[in-house]
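# Coordinate analysis (summary)
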Amino acid sequence: MTGTLYLVATPIGNLEDMTYRAVRILSEVDEIAAEDTRNSRKLLNHFDIHTPMTSYHEFNRFDKAKVLVGHMLEGKNVAVITDAGTPGISDPGEVLVQECYQAGIPVVPVPGACAAVNALVASGQGTRRFSFEAFLPREKKERQRLLEELGRETRTMVIYEAPHHLKATLEDLVQTLGDRQVTLCKELTKKHESFRMTTLTKALALYTEEEPKGEYVLVIAGRPEEEIREEARQEWAELSVVEHVERYMEQGLSEKDAMKAVAKDREISKSEVYREVVDRKNQNKGKM
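Below is a short write-up of the structure. Computed from a predicted model, the values in this text were never measured in an experiment.

## A few points about the nonpolar core
One finds Leu170, Leu173, Leu218 and Ile220 to be the most contacted residues of the largest nonpolar core, which totals 20 residues. Broken down by secondary-structure element, the contributors of at least two residues to this core are helix H6 (140-152), strand E7 (156-161), helix H7 (166-177), strand E8 (181-186), helix H8 (200-209) and strand E10 (216-220). With five residues, H8 is the largest single contributor of residues to this core. Beyond its immediate chain neighbours, meaning those up to four positions away, Ile220 contacts Arg155, Thr156, Met157, Ile159, Leu173, Leu177, Arg180, Gln181, Val182 and Leu200. By size, the runner-up hydrophobic cluster in this structure holds 16 residues, among which are Met18, Ile25, Ala34 and Ile81.

Here is the structure:
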């Protein structure tokens, strides 16, 4: 009989956010895989948990995942915890979960604190649709590619950032996204927790004058859909109806689907688009 992997969320600041279930699971499993055993030891001592710990972090995530899977195949139950928050979100727990699925080992989430969700729901930004990007890449080309993607994103965006990188990230966001609305969520659940709704340019001006302190979550408004539609309308205005159909067909749509899409874009009837396409075909035949 195989064991089970438990993904146990831990507090992101306030120890009162630890759940009863998390304490019980961490007390009952055979082994706890912790991102930093020194940090986690303080948490376990606070809740009088004496389960053996082993380190599982970014630099040993592949080799150690196989070791932990071996333990679970022997019947042991393993809990994985991160330094703060929900494991598997922007941390090596993702690799361990994938290995467990391949080995047929059950995976059980034990929910609790998550900085991204806490920031989003308290941000005052739209919550129905959102994208989570964690920390932006540091490598220049990859960072620029992602920023360009975010410039087209219509969903609310959630980004993590450390204080010493905040100003540079705000500069990049202003350059790529323009002046969007943003909520700066700082030190979530801690003594100096704060939420500041402003714009990217005002936030940049603020932190040009003031040194950022604490860990930040940026919740940024997506690009307005009307802005995208207006940009598309300007592009369509430069095309004839037939050229518009051909543009969609170049993107892989069938002629029928392309005509439907053009009719919707231009807010005209499908029969009108059909007539334009047929007329062009007849003109081309006449030239042969």
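Back to the text.
## Observations concerning the sheet that holds strand E9 (residues 194-199)
An order of E6-E7-E10-E8-E9 is seen for the five strands of this open sheet, with the pairing classed as mixed. Whereas interior strands pair on both sides, the edge strands pair on one side only; in this sheet they are strand E6 (130-135) and E9. The mean inter-strand angle of the sheet, taken between neighbouring strand axes irrespective of direction, is 20°. Two elements, E7 and E10, share five bridges in a ladder whose sense is antiparallel.

## Focus: the sheet that holds strand E2 (residues 31-34)
Spatially, five strands are ordered E3-E2-E4-E1-E5 in an open sheet, and the strand pairing comes out parallel. If you trace the sheet from one side to the other, it starts and ends with strand E3 (53-55) and strand E5 (107-110), each paired once. Ignoring which end each strand starts from, the neighbouring axes of this sheet average 25° apart. Pairing analysis gives four bridges linking E2 to strand E4 (residues 78-81), with the strands arranged parallel. Along E4, the bridge assignment pairs Ile32 with Ala79. The strands touched by helix H4 (residues 93-103) are strand E1 (5-8), E4 and E5; relative to E1, the strand with the most contacts, the crossing angle is about 155°.

What counts, and at which threshold
- Each chain carries its own residue numbering, running from 1 in the direction its sequence is written.
- A pLDDT threshold of at least 70 governs which residues receive local features in this predicted model, and a stricter bar of 80 or more applies before side-chain atom pairs are shown or counted, although totals over entire chains, interfaces and linings include all residues.
- For the side-chain quantities, the full set of heavy atoms in the structure was used; hydrogens and water were omitted.
- What makes a nonpolar core is a set of buried Ala, Val, Leu, Ile, Met, Phe, Trp, Tyr and Cys residues whose side-chain atoms join them at distances within 4.5 Å.
- Exposed residues in this analysis have more than 50% of their type's maximum accessible area, buried residues have under 20%, and partly exposed residues fall in between, with area computed by a 1.4 Å probe over protein chains only.
- Numbering goes from the N terminus for both helices and strands, where a helix is a DSSP run of H or I of at least four residues and a strand is a run of E of at least two.
- In this analysis, two residues are considered to be in contact whenever any of their non-hydrogen atoms come within 4.5 Å of each other.
- At least two DSSP bridges between two strands are needed for those strands to be called paired.
- The axes are straight lines fitted to the C-alpha atoms, using for helices just the contacting stretch, and the angles between their N-to-C directions are given from 0 to 180°.

Just distances and angles here, no functional claims.
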